[in-house]
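The residues making up each chain are set out below.
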Amino acid sequence: MILTMNDNVSSIENNFLYFNNSILMIRFIGGVWTIFFFSYSFISRTDQYVYLICTARISRVKYFVTKIMALLSWVGLFVWIEYVLFLLIGFSGYQRFIFSGDSLNGYFNCFLLMVYYGFLSLFLIQIINNIFTLIIPVTIMNVGIIINENASGLIYRIYNFFFPNFVNDTVGFVFGVSHILFMIIFLFVLNLIIYYFKDL
């Protein structure tokens, strides 16, 4: 991306293009990785809860919360590494690279987006218990990119209410950060309830 920057274009526009292209790649690669990570960690054949409850007497709630915290730590580490690489490549590869706090905010929003779709995939895997269900959240996430190309209309607002995504050419959400945080908490509680009562 840095190598293809056009010297005839202003440094502000080049920085904008570099940031947007970076976010686009992180959102897709990180999103798919997080969806798979969350799904595979809780599919019945890979879940080790039954063995732990028999040997260590660990409660379902504690096991679930601990496992989610581990997954969130990995996702957070992934996003942080990508952000550091974004800065290193920017400073070393483009003399007119401009550091902006907005880029950190953008990567944080990317983290929230990945976590939301991770929890959505976890919900589906607990209900259907088939690894191929991860295709559903991946499709929903990418359909959102297409829908948000035209940032208007009832379908656009309904879709973004249930499946938050970035508004076209930005790293902001239609209903704001508070909305996606609420949706993440809602899915976390829903997944916890399902895990607590389901047969293992």
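Look up: the structure comes first, before these words.
This is a predicted model, so every value here is computed, not measured.

Just checking my understanding: could you explain the layout of surface pockets for this structure?
A water-sized probe, rolled over the atoms, reveals where empty space remains. One number sums up the size of the largest pocket: a volume of about 270 Å³. Lining the largest pocket are 13 residues; nearest its centre among them are N15, F16, F19, S100 and D102. Here the lining of the largest pocket takes 5 residues from helix 1 (residues 11-42), the largest share from any one element. Across the lining of the largest pocket, the residue classes tally to 6 nonpolar, 5 polar and 2 charged. Considering only enclosed or pocket space, the second largest pocket measures out at about 220 Å³ in volume. Surrounding the second largest pocket, 15 residues form its lining, N20, L24, R27, N168 and D169 being those nearest its centre. For the lining of the second largest pocket, the per-class residue count stands at 6 nonpolar, 6 polar and 3 charged.

Looking at this structure, I do not really get the packing of helix 3 (residues 60-93) against helix 7 (residues 176-197). What am I missing?
Helix-helix packing is characterised by the crossing angle of the two axes and by the distance between the axes. Here helix 3 crosses helix 7 at 135 degrees, and the two axes come no closer than 10 Å. Here helix 3 lies oblique to helix 7, going by the angle between them. As helix 3 packs across helix 7, the resulting crossing turns out to be right-handed. Contacts between helix 3 and helix 7 pair R60, V61, Y63, F64, V65 and I68 from the former with F188, N191, L192, Y195, Y196 and F197 from the latter. The residue inventory of the contact of helix 3 with helix 7, partitioned by class, reads 10 nonpolar, 1 polar and 1 charged.

Is there a simple way to explain the packing of aromatic side chains in this structure?
Aromatic ring pairs are reported here in terms of the distance separating the ring centres and the angle at which the planes meet. As enumerated under the stated definition, the model contains 24 aromatic pairs in all. Where F19 meets Y107, the ring centres are 6.4 Å apart and the plane angle is 55 degrees; that geometry is what we call tilted. Residue F19 is located in helix 1, and its partner Y107 is located in helix 4 (residues 101-128); the two are separated by 88 residues in the primary sequence. Classification of F19 as buried rests on a relative accessible area of 13%. On the basis of relative accessible area, Y107 is assigned to the buried category, the value being 2%.

Conventions we followed
Residues numbered from 1 in each chain as written. Predicted model: local features only at pLDDT ≥ 70, side-chain atom pairs only at ≥ 80, totals over all residues. Heavy atoms only, no water. 1 Å grid on protein atoms, 1.4 Å probe; cavity = no way out; pocket = protein on both sides within 12 Å on 5 of 7 lines; lining within 4 Å. Points joined across faces, edges and corners; volume = space filled by probe spheres on them. Helix = DSSP H or I, 4+ residues; strand = E, 2+ residues; numbered from the N terminus. Nonpolar A, V, L, I, M, F, W, Y, C, P; charged D, E, K, R; others polar. Axes fitted to C-alpha atoms, helices over the stretch in contact; angles between N-to-C directions. Parallel < 35°, antiparallel > 145°, perpendicular 65-115°, else oblique. Left-handed = near helix turned anticlockwise from the far one by under 90°. Contact = heavy atoms within 4.5 Å. Phe/Tyr/Trp six-rings, centres within 6.5 Å; stacked < 30°, edge-to-face > 60°. Buried < 20%, exposed > 50% of the residue type's maximum accessible area, 1.4 Å probe, protein only.

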